[in-house]
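What follows is each chain in one-letter form.
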Amino acid sequence: MFSTLEDNEPEPFTVARQDGSSPFFLSADHAGCAVPRSLSSLGLPASELQRHIGVDIGIATLGDMLSEALDATFISQPYSRLVIDCNRPKGQADSIPERSDGTDVPGNQGLSAAARRARETVIFEPYHTRFRDLLDRRAAQDRTSVLIALHSFTPKHGDYPEPRPWHISVLYNRDARLARPLLARLRGEPDLVVGENEPYLVSDELDYAIPVHGEARGILSVEIEIRQDTLGDAASCRRWSDRLARLLPAALGDLEPARAAH
């Protein structure tokens, strides 16, 4: 049974620019599609692991570029969301899915409680411990942190007949302080179709990063979702990075200082 990562396998987190000067703190819970060797690719071909059910396509590249452009800390998680979804509370039904968008995942069928717990212990918990520790360190240094959780979504999902029209969407739960000015800035871009809490909602029951690392701390936070067909290559990711590096600081500057402090 899987109980540890083998030698030369990726750590459950990667951190870029730990001491970056920016107030923005970037995260990507679904940045990679790695699977621990002892899990035998979950019984899936690489083509399945590399599609949207296994990874947020384009987000690792975008996150690296945006981290560089802003000089922002960026924490990312390299293991496939099919191994364990690090943006789901532990024990939630989709945390280790047996089926995802029409694909059965053989390596996730009928897992025992011990097998599920092993994935939490080896991947989920170290990732979120590092996430928490980085934010704690910034707080101890009296540094502002503004959490930007980066994700991407597929242009079409399941049996829904209509393609998703949004190029980008801003998601939030209870705290819309940063979401409002960011939405206004994005809607001022004439070439974008902008969603608000589309195609998903953020909630305490189904999400982790924003409720736990953002809202529970009281820091400004939003989730950004970008359609995957607009992140298809390095040039496309660069365009998004350039745009977000311009709009995120502008949206932060739009906040009244008193509102941003609460």
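Novice: Can you walk me through the overall build of the protein chain in this structure?
Specialist: What the protein chain contains, in helices and strands, is 7 helices and 9 strands. Sequence separation of at least 24 residues holds for 81% of the intrachain contacts in the protein chain that already meet a minimum separation of 6. When the accessible surface of the protein chain is totalled, it reaches about 11400 Å², and 49% of it is carbon and sulfur.

Novice: I tried to follow the state of the cysteines on my own but got confused; where do I start?
Specialist: In protein structure, a disulfide is the covalent linkage between the sulfur atoms of two cysteines. In the structure shown here, the tally under the stated rule is 0 disulfides. No disulfide involves C33; its sulfur sits 14 Å from the nearest other cysteine sulfur, which is in C86. Not part of a disulfide, C237 finds its nearest cysteine sulfur in C33, a span of 15 Å.

Novice: Please clarify how helix α2 (residues 59-70) should be interpreted in this entry.
Specialist: Think of an α-helix as 3.6 residues a turn; residues three or four steps apart then line up on the same face. For α2, built from 12 residues, the straight-helix expectation of 16 Å at 1.5 Å per residue is met to within 8% by its first-to-last C-alpha distance of 16 Å. Three or more residues of α2 are buried, namely I59, L62, G63, M65, L66, S67 and L70. Close packing links the buried residues of α2 with β1 (14-16), β2 (24-28), β3 (73-76), β6 (146-153), β9 (221-227) and α6 (234-254).

Novice: Help me understand the packing of aromatic side chains in this model?
Specialist: Two aromatic rings, taken as a pair, are described by how far apart their centres are and by the angle between their planes. Tallying each qualifying case throughout the model produces 3 aromatic pairs. Taken together, a centroid distance of 5.6 Å and an interplanar angle of 35° make the contact between F25 and F131 tilted. With F25 in strand β2 and F131 in helix α3 (residues 113-140), this residue pair connects regions lying 106 residues apart in the sequence. For F25, a relative accessible area of 0% puts it in the buried group. A residue is classified by how much of its surface remains accessible, and F131, at 0% relative accessible area, is buried. Ring geometry for Y127 versus F131: centroids 5.9 Å apart, planes at 80°, classification edge-to-face. Here F131 and Y127 lie together in helix α3, a separation of 4 residues that amounts to about one turn.

Novice: Would you take a moment to explain the environment of P211 for this structure?
Specialist: Turning to its location among the elements, P211 is positioned in helix α5 (residues 209-214). Considering only alpha carbons, one finds P211 and S221, 10 residues apart in sequence, at a separation of 9.1 Å. Excluding residues within four positions of it along the chain, P211 makes contact with N173, V202, S203, D204 and A216.

Novice: I'm lost on the environment of R116 in this one. Help?
Specialist: Assignment of secondary structure puts R116 in helix α3. When sequence neighbours within four positions are dropped, the list of residues in contact with R116 reads Q92, S95, I96 and L111.

Novice: Sorry, what's going on with α6 here?
Specialist: Between the first and last C-alpha of α6 there are 30 Å, a value that for 21 residues agrees with the 30 Å anticipated at 1.5 Å per step. Along α6, the residues that are buried comprise S236, C237, W240, S241, R243, L244, L247, L248 and A251. Buried residues along α6 sit in contact with β2, α2, β6, β7 (168-171), α4 (179-187) and β9.

Novice: How should I be thinking about the pairing of β9 in this particular structure?
Specialist: Successive residues of a regular strand alternate their side chains across the two faces of the sheet. Burial analysis of β9 places 7 of its 7 residues in the buried class, the great majority of the element. Residues S221, E223, E225 and R227 line one face of β9 and the alternating positions V222, I224 and I226 line the opposite face, and both faces are buried. Bridge count between β6 and β9: 7 bridges; the pairing is parallel. Residue pairing across strands places L150 opposite I224, the latter belonging to β9. Relative to β9, β7 runs antiparallel, the two being bridged by 4 bridges. Looking at the pairing, L171 lines up with E223 of β9.

Novice: It is not clear to me how the sheet that holds β7 should be interpreted in this structure. Could you clarify?
Specialist: Paired through their backbone hydrogen bonds, the strands of a sheet run either parallel or antiparallel. Judged by pairing direction, the sheet is mixed, and its 7 strands sit side by side in the order β1-β3-β2-β6-β9-β7-β8 without closing on themselves. The open sheet terminates on both sides in strands that have one partner only, identified here as β1 and β8 (194-196). Neighbouring strand axes in the sheet, compared pairwise and without regard to direction, differ in orientation by 20° on average.

Novice: Is there a simple way to think about the nonpolar core in this case?
Specialist: Burial of nonpolar side chains together is a common tendency in soluble globular proteins. Counting 37 residues, the largest nonpolar core has I148, I168, I224 and L248 as the members making the most contacts within it. Counting residues per element, the ones that place at least two in this core are β2, α2, β6, β7, α4, β9 and α6. Sorting elements by how many residues they give to this core places α6 first, with 6 residues. Apart from the residues lying within four places of it in its own chain, the contact partners of L248 are F24, L66, L70, I148, L182 and I224. Ranked by size, the runner-up nonpolar core spans 32 residues in total, among them L5, I75, I123 and V202.

Conventions we followed
Residues numbered from 1 in each chain as written. Predicted model: local features only at pLDDT ≥ 70, side-chain atom pairs only at ≥ 80, totals over all residues. Heavy atoms only, no water. Helix = DSSP H or I, 4+ residues; strand = E, 2+ residues; numbered from the N terminus. Contact = heavy atoms within 4.5 Å. Areas by Shrake-Rupley, 256 points an atom, 1.4 Å probe, with all protein chains shown as cover. Disulfide = S-S within 2.5 Å. Expected span 1.5 Å × (residues − 1). Buried < 20%, exposed > 50% of the residue type's maximum accessible area, 1.4 Å probe, protein only. Phe/Tyr/Trp six-rings, centres within 6.5 Å; stacked < 30°, edge-to-face > 60°. Pairing = 2+ DSSP bridges. Axes fitted to C-alpha atoms, helices over the stretch in contact; angles between N-to-C directions. Core = buried A, V, L, I, M, F, W, Y, C linked by side-chain atoms within 4.5 Å.

Everything listed here is a matter of coordinates, which is why it stays silent on function.
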